[in-house]
Amino acid sequence: MKKITFLFWALCLTGLAAHSQILKPVTWSYAAKKTGATTATVFIKATIDQGWHLYSQFVKEGGPVKTTFTFPSSSTYTLVGTTTEPKAVTKYESTFKMNVSYFGKSVVFQQKIKLKGKTATVNGNVEFMVCDDKQCLPPEQVDFNIPVK
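My aim in this report is to walk through the structure given alongside it, one point at a time. (Residues numbered from 1 in each chain as written. Predicted model: local features only at pLDDT ≥ 70, side-chain atom pairs only at ≥ 80, totals over all residues. Heavy atoms only, no water.)

1. Concerning the overall build of the protein
Across its full length, the protein holds one helix and 11 strands. Counting from the amino terminus, helix and strand elements in the protein follow one another as α-β-β-β-β-β-β-β-β-β-β-β. Within the protein, the fraction of its 149 residues that count as buried is 34%. Contacts in the protein between residues at least 24 apart in sequence constitute 68% of all its contacts with a sequence separation of at least 6. Carbon and sulfur atoms make up 58% of the accessible area of the protein, which totals about 9,800 Å². (Helix = DSSP H or I, 4+ residues; strand = E, 2+ residues; numbered from the N terminus. Buried < 20%, exposed > 50% of the residue type's maximum accessible area, 1.4 Å probe, protein only. Contact = heavy atoms within 4.5 Å. Areas by Shrake-Rupley, 256 points an atom, 1.4 Å probe, with all protein chains shown as cover.)

2. A word on the pattern of salt bridges
As enumerated under the stated definition, the model contains one salt bridge in all. We note a salt bridge from Lys 24 to Glu 140, for which the minimum N-O separation is 2.9 Å. Of this pair, Lys 24 sits in the loop between α1 (2–19) and β1 (26–34) while Glu 140 sits in strand β11 (residues 140–148), and the two are 116 residues apart along the sequence. The exposure class of Glu 140 is partly exposed, given its relative accessible area of 26%. (Salt bridge = Lys/Arg side-chain N within 4 Å of Asp/Glu carboxyl O.)

3. Let's talk about the sheet that holds strand β3 (residues 53–55)
Ordered by their spatial adjacency, four strands build an open sheet running β6-β7-β3-β10, and the pairing between neighbours is antiparallel. Across the chains shown, the open sheet's two edge strands, defined by having one partner strand only, are β6 (89–93) and β10 (130–131). Judged from the two bridges that link them, β3 and strand β7 (residues 98–103) form a sheet pairing that is antiparallel. The residue of β7 that forms the bridge with Tyr 55 is Tyr 102. (Pairing = 2+ DSSP bridges.)

As structure tokens, then:
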């Protein structure tokens, strides 16, 4: 009888775990376009679920974790300038008691590079944080590899 009871509860808990949802409100996609013989632009797009927002790269200290791109040095390309972003929405958020800049729905970040050869693969990492009107998720890091041909 103990075995049957244990199996019953184990199956119930397994069913509950299967129905629980891991929140992943941001999907990242990547592309690159050559803009000259030795130049290119890398496009890093965040598609954000309805009701969520992703913070800008330019959030002041004391607020949410800002979006940050890290590119390790490479023998096949060099970065030209910094990663750019379109104009963000800026509003006061009582959670942080300050004005913060963020994006909803989607945003495309751009990084210009100078190629040292005909092709390259741009490796990097993006750290970001998202919130909705009820909660903020812990900061997350995503690695990426973007071929430039």
